Amino acid sequence: MIPKKYTGTVLVVGETIEGRLSAKSIDLGKQAAQLAGRFNGKPVGVLTGHDIDTAALAWSKAAGMPVIVLDHAHCRYPNPPLTASGVGALVDEHSALAVCFPHSMRACQAAATLAWRIEAPCVTAVDSLLKENGQWVFERAVFGGKLRETVSAANRPIVLTVMPGLVSRSASPDLTGHFPSVETRHLADTDHRFIPRGMNRQAHTDQALERAQVVVAAGRGLKGPEHKCLLEAAAGMFNHAAIGGSRGACDLGWLPHSLQIGETGRTVAPALYLACGISGAPQHLAGMRESRTVVAVNTDPKAAICNLAHYAVIEDLTVFLPVLRERYDRMTEKGDEE
Ligand SMILES: Cc1cc2nc3c(=O)[nH]c(=O)nc-3n(C[C@H](O)[C@H](O)[C@H](O)COP(=O)(O)OP(=O)(O)OC[C@H]3O[C@@H](n4cnc5c(N)ncnc54)[C@H](O)[C@@H]3O)c2cc1C
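Conventions we followed
- Residues numbered from 1 in each chain as written.
- Predicted model: local features only at pLDDT ≥ 70, side-chain atom pairs only at ≥ 80, totals over all residues.
- Heavy atoms only, no water.
- Helix = DSSP H or I, 4+ residues; strand = E, 2+ residues; numbered from the N terminus.
- Rg over C-alpha atoms; globule rule 2.2 N^0.38 Å.
- Buried < 20%, exposed > 50% of the residue type's maximum accessible area, 1.4 Å probe, protein only.
- Contact = heavy atoms within 4.5 Å.
- Lys, Arg positive; Asp, Glu negative; His and termini not counted.
- Charge placed at Lys NZ, Arg CZ, Asp CG, Glu CD.
- Axes fitted to C-alpha atoms, helices over the stretch in contact; angles between N-to-C directions.
- Parallel < 35°, antiparallel > 145°, perpendicular 65-115°, else oblique.
- Left-handed = near helix turned anticlockwise from the far one by under 90°.
- Nonpolar A, V, L, I, M, F, W, Y, C, P; charged D, E, K, R; others polar.
- 1 Å grid on protein atoms, 1.4 Å probe; cavity = no way out; pocket = protein on both sides within 12 Å on 5 of 7 lines; lining within 4 Å.
- Points joined across faces, edges and corners; volume = space filled by probe spheres on them.
- Core = buried A, V, L, I, M, F, W, Y, C linked by side-chain atoms within 4.5 Å.
- Pairing = 2+ DSSP bridges.
- Near = heavy atom within 4 Å.
- Polar contact = N/O pair within 3.5 Å; in protein donor to acceptor, adjacent residues only side chain to side chain.
- Areas by Shrake-Rupley, 256 points an atom, 1.4 Å probe, with all protein chains shown as cover.
- Domains from an automatic or database assignment.
- Buried area = accessible area lost by both parts, 1.4 Å probe.
- Salt bridge = Lys/Arg side-chain N within 4 Å of Asp/Glu carboxyl O.

Counting its regular elements, the chain contains 10 helices and 16 strands. Taken against the 2.2 N^0.38 rule, which gives 20 Å for 338 residues, the C-alpha radius of gyration of the chain at 22 Å falls within 12% of a compact globule. Projected onto its principal axes, the C-alpha coordinates of the chain cover approximately 75 × 45 × 40 Å. Within the chain, the fraction of its 338 residues that count as buried is 48%. Across the chain, every contact between residues at least 6 apart in sequence was considered, and the portion connecting residues at least 24 apart equals 65%. Seen as two clouds, the 34 positive and the 33 negative side-chain charges of the chain have centres 4 Å apart.

Here it is in structure tokens:
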């Protein structure tokens, strides 16, 4: 039974970096109306930053929800402790039923701090939301995506971090009768010890990965840099192809970190994603789940990537990729002769 106080609003919390909305906040905005609808509530956006009225208005317009700006000079870069204290005050004011953050490291920190402050349950990395016997049940991947965990939380309000694409992004929010609105609140200059000084942008030499129609990505199943030539040979079969990798492969130095795909790497959405020796941890899936067709090459049929893949090739990649290239060469040679 939900206490009467927590009835209406779902707070949807986004962040800005140097005045610009983060990509995950834009994504969460697109999901806001549907997310709130699942709780039978209405979304109210909360955006942290400094001098961000323009970004807030754009967010309100695109997401179809009113936006409250929490403004402070120390929020020019994401500031989890200040976010938690600002949002905490709004939870009471709005009798919020739920507070949804995007799933990122910074947002997890803010979500956990907020949950502790308001004594609410906190569920992170939620990728599915169901109602069973009148009670909300949240699902998420654990153990690198090998297992799925189901969590229910009786208390309200509840604090969540939400994976991209929890609700369909194809249905854009209904903006009928919506007038974008922004209300700015200046956070008190409290004596806090966390002052973000700046963020370093990862130096991507180009946008080839994001623009590629085909991404051939490798994980730790590659076994070593000596097998990189297999990826190059596979990519060479397509026009507009690029090579990427999991964090596992990049951390081992087999591929440069600039090619890492995932939550803390780059986001791609090619027509074809060929995942070679990648287990499919949620953090990796976050960067490629919008790919149109996913083909997994993996020795383990139970690897999480095989659940997402449209086609799974259960084989050693050092066996499969050379055969694939050989067949392709034979076919194209035949084509040349004809
Ligand atoms: C905060 C945080 C952020 C993260 N951000 C990212 C991120 O942005 N991107 C990312 O990728 N990860 C990220 N990770 C790491 C992530 O959790 C996984 O550890 C990582 O994705 C695993 O990489 P992998 O799939 O290459 O390796 P593994 O999990 O070791 O999987 C290797 C796979 O290869 C298969 N395999 C083995 N040998 C072969 C073979 N010969 N042929 C075919 N298949 C074979 C295995 O069956 C296995 O499925 C993050 C983790 C944290 C905690």
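Here the narrative resumes, following the displayed structure.
As a packed pair, helix 3 (residues 80-93) and helix 4 (residues 105-118) sit with axes 8 Å apart at the nearest point and diverge in direction by 45 degrees. In terms of axis orientation, helix 3 runs oblique to helix 4. Read as a crossing pair, helix 3 and helix 4 show a hand that is right-handed. Residues Pro80, Thr83, Ala84, Ser85, Val87, Gly88 and Val91 of helix 3 lie in contact with helix 4, whose contacting residues are Arg106, Gln109, Ala110, Thr113, Leu114, Arg117 and Ile118. Each residue belonging to the contact of helix 3 with helix 4 can be placed in one class, and the counts come to 7 nonpolar, 5 polar and 2 charged.

Overall, the coordinates contain 1 cavity of 30 Å³ or more when judged by the stated rule. Size it by volume and the largest cavity reaches roughly 100 Å³. Surrounding the largest cavity, 13 residues form its lining, Glu15, Thr83, Phe101, Ala107 and Ala110 being those nearest its centre. For the lining of the largest cavity, the secondary-structure elements that each account for two or more residues are strand 1 (9-17), helix 3, strand 5 (98-102) and helix 4.

Next up on the list: the nonpolar core. Counting 31 residues, the largest nonpolar core has Phe39, Phe138, Ile158 and Leu160 as its most contacted members. Secondary-structure elements contributing two or more residues to this core are strand 1, helix 1 (23-38), helix 2 (53-63), strand 4 (67-71), strand 5, strand 6 (122-126), strand 8 (135-142) and strand 10 (158-162). In this structure, Phe138 is in contact with Phe39, Val123, Val126, Ser128, Leu129, Glu149, Thr150, Val151, Ala153, Ile158 and Leu160, ignoring residues within four places of it in sequence. Grouped together as the second largest cluster of nonpolar side chains are 23 residues, Leu90, Val91, Ala107 and Val159 included.

The next subject is the sheet that holds strand 13 (residues 241-245). Taking strand neighbours across the sheet as the criterion, the 5 strands line up as 13-12-14-15-16 in an open arrangement whose pairing is parallel. The two strands at the open ends of the sheet, each matched to only one other strand, are strand 13 and strand 16 (311-314). Averaged over all neighbouring strand pairs, the angle between strand axes comes to 15 degrees, with direction disregarded. As paired elements, strand 14 (residues 272-276) and strand 15 (residues 293-298) share 5 bridges and run parallel to each other.

Looking now at the site of the ligand. Taken together, 28 residues are adjacent to the ligand, and Arg220, Ser246, Thr264, Ser279 and Asn298 come closest. One nitrogen or oxygen atom from the main chain of Gly277 is found 3.0 Å from an oxygen atom belonging to the ligand. For the ligand, the accessible surface in isolation is 990 Å², of which the surrounding protein chains cover 78%. If you list the elements that add at least two residues to the shell around the ligand, you get helix 7 (247-251), helix 8 (282-285) and strand 15. When the residues that make up the shell around the ligand are grouped by side-chain class, the tally is 7 nonpolar, 14 polar and 7 charged.

Domain boundaries assigned for the chain yield domain 1 (9-186) and domain 2 (208-337). With 11 residues of domain 1 at the contact, the number on the domain 2 side is 10 residues. Of the roughly 840 Å² buried between domain 1 and domain 2, counting both surfaces, carbon and sulfur atoms make up 54%. Broken down residue by residue, the surface that domain 1 buries against domain 2 is led by Gly144, Lys146 and Met163, which jointly contribute 38%. Taken together, the links from domain 1 to domain 2 amount to 0 salt bridges. Linking domain 1 with domain 2 are 0 residue pairs in polar contact (both at pLDDT 80 or more). Of the residues belonging to the side of domain 1 that touches domain 2, the class tally is 4 nonpolar, 4 polar and 3 charged.

Where charged atoms from two side chains of opposite charge approach closely, those side chains can pair. A full pass over the atoms with the stated rule returns 10 salt bridges. Asp127 is the partner of Arg148 in a salt bridge, and the nearest nitrogen-oxygen pair spans 2.8 Å. Residue Arg148 is located in strand 9 (residues 147-152), and its partner Asp127 is located in the loop between strand 6 and strand 7 (128-132); the two are separated by 21 residues in the primary sequence. Note on Asp127: relative accessible area 21%, which makes it partly exposed. Between Arg185 and Glu183 there is a salt bridge; the shortest N-O distance is 2.7 Å. Classification of Arg185 by relative accessible area gives partly exposed; the value is 24%. Overall, the relative accessible area of 38% leaves Glu183 in the partly exposed class. Each of the salt bridges in this network shares a partner with another, and the network as a whole consists of Glu93, Glu183 and Arg185.

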